[in-house]
Amino acid sequence: SLLSYLKGKGWANSLGSLDNANLSDFITFEVTVELTNKGLGVIDDVCEAIFSYIRMMQKSPIPDYVFDENLQLDELEWRYTTKGPSGSYAQSLATAMDAFPPSLYIAGPRRLALKETEETLISSDDPRTSFKTKGQRDILKEACTDLISKLTVDNSFLTVFSKTFEGKTSKVEKWYGTNFNVRPIPMSTLMRWQNAVPAGSIGLAYPRKNVFIPSESGLRMKKKPPKESDPKALTFEEKMKPIPPPTVIRDDGDEGRWTVYFKQDEMFGKPKAFLIFQLLTGELYSSPLMASLGMLYSQCAADKLNEYIYDAGLAGLTYDLQVLPRGVRLTFGGYNDKLKTFASYVSSKLAKDLDDVLPKDEEEFERYKDNLLRALSAFKVKQPYGHAIYYSGLTQQPRNFQYTNEQLVASLTETSLPKLVDYVRTLWASGKGEALIQGNYDKAEALDIVNTIDKTLAFKPITADQYPARMKALPLPVTKPGEKPTRLSISEPNPSNNNAASHITLQCLGTSERDHVLIEIISAIIEEPFYDDLRTKQQLGYIVSSGVKGIDQARTLSIIVQSNVAPAEKLTSSMVKLLDGVSDKLLAPLTAVDIELFVKGLVDSRLEPDKQLAAEVTRNWSAISNGRFQYDRLQAEVAALLAITKEDIVGYWDQLYVKERRMLISEIVPRTGPTSKEPALGSGYSGGKPTTVLGIEDIDQLRANGEASRLNMLS
């Protein structure tokens, strides 16, 4: 492929194409290449390779099987379309009404070969497995040939983005202030592109046939779902009935190889499935260096397998590799017909054929390393509110579960190809296997899949005392009434961003359903008044939001404001003033009807039936991986919601904000602009309850203090 050629030369990390401006009188077709530093120096060569591929399409007819496969893939998506957000659907219909006749408002943007003949449009919504006639395919081929004939050097323009151009430009864009240059491309270069080398001479060719497209027999359902009913017609009792959970179909014991959970789909009626395999081990994330090697391995594997996985992705199959604090996880999903073959191949490459997924030499290793460094460096250009949320979250996670961006960058510079090879050779060596197989499989097929993956991974089992610990949220320091809460003041990492941000976190360590729903009720109560006051009335900033987040079983109520007109201290004081008035101004006036409305909104969201298999799989895996196996959590929270009274809400807020206030203020201070300031890097904080404003260098000690507090709670 073109991407393989560019990667082989060390010129590119990724490539994509799409039609962008699609208007009544013209269309633009864009090819976008993410260049390496080496590729940036040979842009003309990169462009020549692109035009070589285009010339191949112009001179050699695209094979018929390419059109046949595209029709099959589009019809698969049409056949098994799942419900999505109503807003985006309405928008797509409005757009289609301007481009298609009424009979194709829905099908037009979603299907190929809309003409049966030059004079007649398709009239059936039934999914197709092939073109109706050769003439129907020829209509599509002629349209493609016409478009490709217009992809010429004379009709193109080139845009290059790079930070290396900083300080070398002479023009400024009117609206966004972007610095740029415009220059003509030399005639010699244009002639070179027009006469680009033959595609075959540099190894370019049309894609092979896609072996992952499911067969008709593979699309049969093992169990037919019940007749679809209107969710609104279900009674409350029916909605409260827990969905049957996965069952254990293989249990090798605490010191055995696998615990396998399985659920056959009998609800969604689509020939799809998900396979999740996790190998529990505590060594893979034991230091920032190990975490960096894990990130490098994930990137190498994704890049090396791209050629194979691309076809699978077109056919609706997905894969994900994650190196996590508690081990390594593989997730596969899509049409079940070819899913086992796909999972087996990928697993074999990752665990056995290591040379196929590791860099072939130092130059390639440095390309991956540079790419990852760029991704980590992108942290600095996040918005200030994103930085505030990041630092706040960091204080509540154990240090060996979440390393800082700075630690990862520093450790990445210590990595080497030999270290990566050694790391990957131990990655799959030992552990405890956990798996969830859910979808259009029966029990025997699920066990067969696990046996296949087990033989591929071939890991050595570990003992129960070697299991990695589960993450527990770190408690924030408690402050009594009248005491100042814990406060972080950190300089904005991006010197060109002149916005300030303040993020307030109130932490609840309660683990009951009652605790979890009460904090959501509080969030629902304060959301609109806070936005109205801070955004509309005080006009402190465009970004004003609040909400509840979960870390382990702890819950946090978070409020954030970002502003370019007020300093961080002003944002904080305005938010604290509103929090101080919650009890008297927002909770005291609550009526029974008010509470009923807030509760109803939260109940309805929990009892809304899943629209996709993926949603149920995600929830089931969460219940398995956290070790609590609470598959009926949503129903349990609904029961807790229905029992809530005004006294409960008032008492909970009193406990959360007054009696046991675990509050953290995270301020991001800009280095430029009218509200700029340079906070201290550290305060000398050495543990216990902070008595001064903390800096970025105090976060590690704050987390250490939280870890000690957590141990005291458990003892």
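Everything that follows concerns the structure shown earlier in this document.
Because the structure is a prediction, the values reported are computed rather than measured. (Residues numbered from 1 in each chain as written. Predicted model: local features only at pLDDT ≥ 70, side-chain atom pairs only at ≥ 80, totals over all residues. Heavy atoms only, no water.)

What about the overall build of the chain?
The helix and strand inventory of the chain stands at 24 helices and 17 strands. Computed over its C-alpha atoms, the radius of gyration of the chain comes to 29 Å, within 12% of the 27 Å expected for a compact globule of 715 residues. Along the first, second and third principal axes, the C-alpha set of the chain runs to 80 × 65 × 60 Å. Taking all 715 residues of the chain together, the buried fraction comes to 44%. Taking contacts inside the chain between residues at least 6 apart in sequence as the whole, the part at least 24 apart equals 77%. Accessible area of the chain: about 36,500 Å², with a carbon and sulfur share of 54%. Side-chain charges in the chain split into 85 positive and 91 negative, and the spacing between the mean points of these groups amounts to 1 Å. (Helix = DSSP H or I, 4+ residues; strand = E, 2+ residues; numbered from the N terminus. Rg over C-alpha atoms; globule rule 2.2 N^0.38 Å. Buried < 20%, exposed > 50% of the residue type's maximum accessible area, 1.4 Å probe, protein only. Contact = heavy atoms within 4.5 Å. Areas by Shrake-Rupley, 256 points an atom, 1.4 Å probe, with all protein chains shown as cover. Lys, Arg positive; Asp, Glu negative; His and termini not counted. Charge placed at Lys NZ, Arg CZ, Asp CG, Glu CD.)

Topic: the packing of aromatic side chains
All chains considered together, the criterion is met by 18 aromatic pairs. Centre to centre, the rings of F51 and W193 are 5.8 Å apart; their planes meet at 25°, and the pair counts as stacked. Of this pair, F51 sits in helix α3 (residues 43–59) while W193 sits in helix α7 (residues 187–194); the two residues are 142 residues apart in sequence, bridging distant segments of the chain. F51 gets classed as buried once you look at its relative accessible area, which sits at 12%. With a centroid separation of 5.1 Å and an interplanar angle of 90°, the aromatic rings of F212 and Y308 are classed as edge-to-face. (Phe/Tyr/Trp six-rings, centres within 6.5 Å; stacked < 30°, edge-to-face > 60°.)

Comments concerning the pattern of salt bridges
All chains considered together, the criterion is met by 43 salt bridges. Salt-bridge contacts for R137 lead to D68; the nearest nitrogen and oxygen are separated by 3.1 Å. With a gap of 69 residues between them, R137 in helix α6 (residues 134–149) and D68 in helix α4 (residues 64–79) connect regions that are remote in the sequence. On the accessibility criterion, R137 (16% relative accessible area) is buried. Here K600 makes a salt bridge to D604, at a shortest N to O gap of 2.7 Å. Pair noted here: K600 and D604 are both in helix α20 (residues 592–607), with a separation of four residues, about one helical turn. Owing to a relative accessible area of 48%, K600 belongs among the partly exposed residues under this scheme. Through salt bridges with shared partners, a single network forms among K7, D303, K304, K360, E364 and R367. (Salt bridge = Lys/Arg side-chain N within 4 Å of Asp/Glu carboxyl O.)

Digging into the packing of helix α17 (residues 513–537) against helix α23 (residues 646–659)
Any two packed helices are characterised by the angle at which their axes cross and by the distance between the axes. Where α17 contacts α23, the axes come no closer than 10 Å and their chain directions differ by 90°. The orientation of α17 relative to α23 falls into the category roughly perpendicular. Residues R514, D515, L518, I519, I521, I522 and I525 of α17 touch α23, and the partners they reach there are D648, I649, Y652 and W653. (Axes fitted to C-alpha atoms, helices over the stretch in contact; angles between N-to-C directions. Parallel < 35°, antiparallel > 145°, perpendicular 65-115°, else oblique.)

As for a nonpolar patch on the surface
Taken together, the side chains of L15, F29 and V31 make up a nonpolar region of the molecular surface, amounting to roughly 210 Å² of accessible area. Inspection of the secondary structure puts L15 in strand β1 (residues 12–22). (Patch = residues over 30% accessible without salt bridge, like charges linked within 9 Å, V, L, I, M, F, W, Y side chains within 5 Å.)

Digging into the side chain of Q264
Secondary-structure assignment places Q264 in strand β6 (residues 258–264). Other than its neighbours up to four places away in sequence, Q264 contacts K222, K223, G439, Y441 and D442.

Some points on a negative patch on the surface
Together, D251, D254, E255 and D465 make up a region of like negative charge exposed at the surface. Its location among the elements puts D254 in the loop between β5 (247–251) and β6. Taking the relative accessible area as the measure of exposure, D254 reaches 57% and is therefore exposed.

A look at helix α11 (residues 339–351)
The terminal C-alpha atoms of α11 lie 18 Å apart, and with 13 residues this matches the ideal 18 Å at 1.5 Å per residue to within 8%. Residues of α11 that are buried in the fold lie against β7 (272–280), α9 (288–304), α10 (306–314), β8 (318–324), β9 (327–335) and α16 (443–457). (Expected span 1.5 Å × (residues − 1).)

Observations concerning the nonpolar core
Ranked by size, the top nonpolar core spans 61 residues in total, and within it F277, Y297, Y319, F332, F342, L350 and W428 carry the most contacts. Sequence-distant contacts of L350, defined by excluding residues within four places in its chain, comprise Y297, A301, L305, Y319, L321, L330, V357 and W428. Core analysis: the second largest hydrophobic core is formed by 45 residues, I504, V517, I522 and L607 among them. (Core = buried A, V, L, I, M, F, W, Y, C linked by side-chain atoms within 4.5 Å.)

Notes on unusual backbone geometry
Here the phi dihedral of A458 falls at roughly 50°; this positive angle occurs in a residue that is not glycine. With respect to the element layout, A458 can be found in the loop between α16 and β11 (460–461). Note on A458: relative accessible area 55%, which makes it exposed. One non-glycine residue, Q539, lies in positive phi territory at about 50°. Its place among the elements puts Q539 in the loop between α17 and β15 (543–551). On the basis of relative accessibility, which here comes to 55%, the residue Q539 falls in the exposed class.

Side note on helix α18 (residues 568–580)
Its 13 residues place the ends of α18 18 Å apart at the C-alpha level, agreeing with the 18 Å of an ideal helix rising 1.5 Å per residue. When α18 is considered as a whole, its buried residues turn out to be A568, L571, T572, S574, M575, L578 and L579. Projected onto a plane normal to the axis of α18, the buried residues spread over an arc of 165° and lie on a single side. Summarising the contacts, the buried residues of α18 are in contact with β14 (500–508), α17, β16 (554–563), α19 (582–587), α23 and β17 (661–669). (Arc of directions from axis to C-beta.)

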